[in-house]
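As a plain string of letters, each chain reads:
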Amino acid sequence: MEFSVFIQGYLPGPQAHDPDREHEGLLREMELAVCADRKNWKFIWLSEHHALPEYSHLSANEAVAGYLAAKTERIHIGSGIFNLSPRVNHPVRTAEKVAMLDHLSNRRFEFGTGRGAGSHEVATFNIHDPSSTRSEWDEVIWELVRMWERKDYTFHGKHFDLDNPHNILPKPHSPGHPPIWVACGNPATYRKAGELGIGALGFTYDSITRMAPRVAEYKEAVASCTNPVGQFVNDNVMVTSGVRCSENRARAREQVTRFGASYIGTLVTLYHDSFPPSPLLGPRWPHPPG
């Protein structure tokens, strides 16, 4: 087992609308990442969320990844996630960013992919049918590796085109390319990730006993993968959960039982409307964001 830190620019309450507190909060999370590097944590994962007040103010994670590449020495820096919809990020730009971060991090970058947190987020880009991004992801994920491998890349697809051959630069820091992952907001994506030979980025939106079969499905599928998306199989599962850390047990218990301690969980149910209902996260907000 390896340990990670997940940062997303969480700013609950009025501070979400205070530019000074927003600035302080983002810089505190940079300090947390640097501390995790000093303490030999394996990964730091950086969200890509858009227009989700309080829950996440970390939208430009490629900028943060470049900053942390210069500030750290050992920790692996992961995109949690880069959105692959061409309506959000053009595939060529995604390929360029991943390869550049592979160089600047000295091969410490982990390429996490996904389709967005839910209907409110993707509507920021005038995407009003979140399910429409599924076929976009399915098309783009295969093409990114081809961009890294070819000097005369061209493509005509359902969701994006590159009419004339171009050499997409830079290429990843050879040999190979960064490990590829996918966010598993939908339980069925665990098996899909395994079938594609890529890592699964999961969330504890359910009990351990109900999560276990999903991980088992992934492991079964990845073990029989014969045609991975990338140049190698990335047989790994990362599960994000909330923890409370303190210097003593009494203080930790006080943090857990404090009013509002689970507020972030309610924001998950507010924005991640693709997640299945879960008693661990509590009820959904009665008035979702428009």
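In this report, we go over the structure that sits alongside the text. (Residues numbered from 1 in each chain as written. Predicted model: local features only at pLDDT ≥ 70, side-chain atom pairs only at ≥ 80, totals over all residues. Heavy atoms only, no water.)

**Concerning the overall build of the protein**
Moving on, step 1. Of the regular secondary structure elements, the protein holds 9 helices and 10 strands.
Moving on, step 2. Computed over C-alpha atoms, the radius of gyration of the protein comes to 19 Å, within 12% of the 19 Å expected from 2.2 N^0.38 for 290 residues, which places it in the range of a compact globule.
Moving on, step 3. Looking at the 290 residues of the protein, the share that counts as buried comes to 46%.
Moving on, step 4. Long-range contacts, defined here as pairs at least 24 residues apart, represent 65% of the contacts in the protein between residues at least 6 apart.
Moving on, step 5. Here the protein displays about 14900 Å² of accessible surface, and carbon together with sulfur accounts for 55% of that area. (Helix = DSSP H or I, 4+ residues; strand = E, 2+ residues; numbered from the N terminus. Rg over C-alpha atoms; globule rule 2.2 N^0.38 Å. Buried < 20%, exposed > 50% of the residue type's maximum accessible area, 1.4 Å probe, protein only. Contact = heavy atoms within 4.5 Å. Areas by Shrake-Rupley, 256 points an atom, 1.4 Å probe, with all protein chains shown as cover.)

**Describing a nonpolar patch on the surface**
Moving on, step 1. Where nonpolar side chains cluster on the molecular surface, the patch consists of M1, F3 and W41 and spans about 430 Å² of accessible area.
Moving on, step 2. In this structure, W41 sits in the loop between α1 (19-38) and β2 (43-46).
Moving on, step 3. Here W41 falls in the partly exposed class, since its relative accessible area comes to 34%. (Patch = residues over 30% accessible without salt bridge, like charges linked within 9 Å, V, L, I, M, F, W, Y side chains within 5 Å. Salt bridge = Lys/Arg side-chain N within 4 Å of Asp/Glu carboxyl O.)

**Focus on the side chain of E110**
Moving on, step 1. In this structure, E110 sits in strand β5 (residues 109-114).
Moving on, step 2. No salt bridge is formed by the buried E110, whose closest oppositely charged neighbour, K42, lies at an N-O distance of 5.8 Å.
Moving on, step 3. Dropping the residues within four chain positions of it, E110 is found in contact with F43, W45, H76, I77, G78, S79, P179 and W181. (Lys, Arg positive; Asp, Glu negative; His and termini not counted.)

**As for the environment of Y153**
Moving on, step 1. Tracing the backbone through its elements, the reader meets Y153 in strand β6 (residues 153-156).
Moving on, step 2. Distance from Y153 to A51, taken between C-alpha atoms, is 34 Å for residues 102 residues apart in sequence.
Moving on, step 3. Apart from the residues lying within four places of it in its own chain, the contact partners of Y153 are E143, R146, M147, F160, L162, N164, P165, H166 and I168.

**Considering the packing of helix α3 (residues 91-104) against helix α5 (residues 133-149)**
Moving on, step 1. Two elements in contact, α3 and α5, have axes whose closest approach is 10 Å; the angle formed by their N-to-C orientations is 55°. Of the possible angle classes, the one that applies to α3 and α5 is oblique. Considering only the axes of α3 and α5, their crossing is right-handed. Residues P91, V92, T94, A95, V98 and A99 of α3 form the contact with α5, whose participating residues are V140, L144, M147 and W148.
Moving on, step 2. Residue composition of the contact of α3 with α5, by class: 9 nonpolar, 1 polar and no charged. (Axes fitted to C-alpha atoms, helices over the stretch in contact; angles between N-to-C directions. Parallel < 35°, antiparallel > 145°, perpendicular 65-115°, else oblique. Left-handed = near helix turned anticlockwise from the far one by under 90°. Nonpolar A, V, L, I, M, F, W, Y, C, P; charged D, E, K, R; others polar.)

**Re the pairing of strand β8 (residues 180-183)**
Moving on, step 1. Of the pairings in the sheet, the one linking β5 to β8 comprises 3 bridges and is parallel in character. Considered in β8, the bridge of G112 is made with W181.
Moving on, step 2. Of the pairings in the sheet, the one linking β8 to strand β9 (residues 199-203) comprises 3 bridges and is parallel in character. Considered in β9, the bridge of W181 is made with G199.
Moving on, step 3. Crossover β8 to β9 through helix α6 (residues 189-196) is right-handed. (Pairing = 2+ DSSP bridges. Right-handed = clockwise from strand over helix to strand, strands pointing away.)

**Quick notes on the pattern of salt bridges**
Oppositely charged side chains may form a pair once their charged atoms are brought near each other.
Moving on, step 1. Tallied over the full model, the rule gives 11 salt bridges.
Moving on, step 2. With a closest N to O distance of 2.6 Å, K192 and D138 form a salt bridge. Here K192, found in helix α6, pairs with D138, found in helix α5; they are 54 residues apart in sequence, far enough to count as distant.
Moving on, step 3. As a salt-bridge pair, E220 and R191 come within 2.8 Å of each other at their nearest N and O atoms. Residue E220 is located in helix α7 (residues 208-223), and its partner R191 is located in helix α6; the two are separated by 29 residues in the primary sequence.
Moving on, step 4. What makes R191 partly exposed here is its relative accessible area of 27%.
Moving on, step 5. Connected through salt bridges with shared partners, the residues R191, E217 and E220 form a single ionic network.

**Some details on the nonpolar core**
Across soluble globular proteins, nonpolar side chains show a tendency to be buried alongside one another.
Moving on, step 1. I44, L46, I77, F111, M147 and I198 are the most contacted members of the largest nonpolar core, which has 47 residues in total.
Moving on, step 2. Among the elements that take part in this core, α5 stands out by supplying 7 residues, more than any other.
Moving on, step 3. Apart from residues lying up to four places away in sequence, I77 is in contact with I44, L46, A65, L68, A69, T72, R108, F109 and E110. (Core = buried A, V, L, I, M, F, W, Y, C linked by side-chain atoms within 4.5 Å.)

**Considerations on unusual backbone geometry**
Note on backbone geometry: most residues besides glycine have negative phi, and most peptide bonds are trans.
Moving on, step 1. Omega for the bond connecting G80 with I81 falls within 30 degrees of zero, at 25°, which places this linkage in the cis form.
Moving on, step 2. Residue position: I81 is located in the loop between β3 (76-79) and β4 (82-83).
Moving on, step 3. For the bond running from S174 to P175, omega is 0°, close enough to zero to count as cis.
Moving on, step 4. You can see P175 is positioned in the loop between β7 (161-166) and β8.

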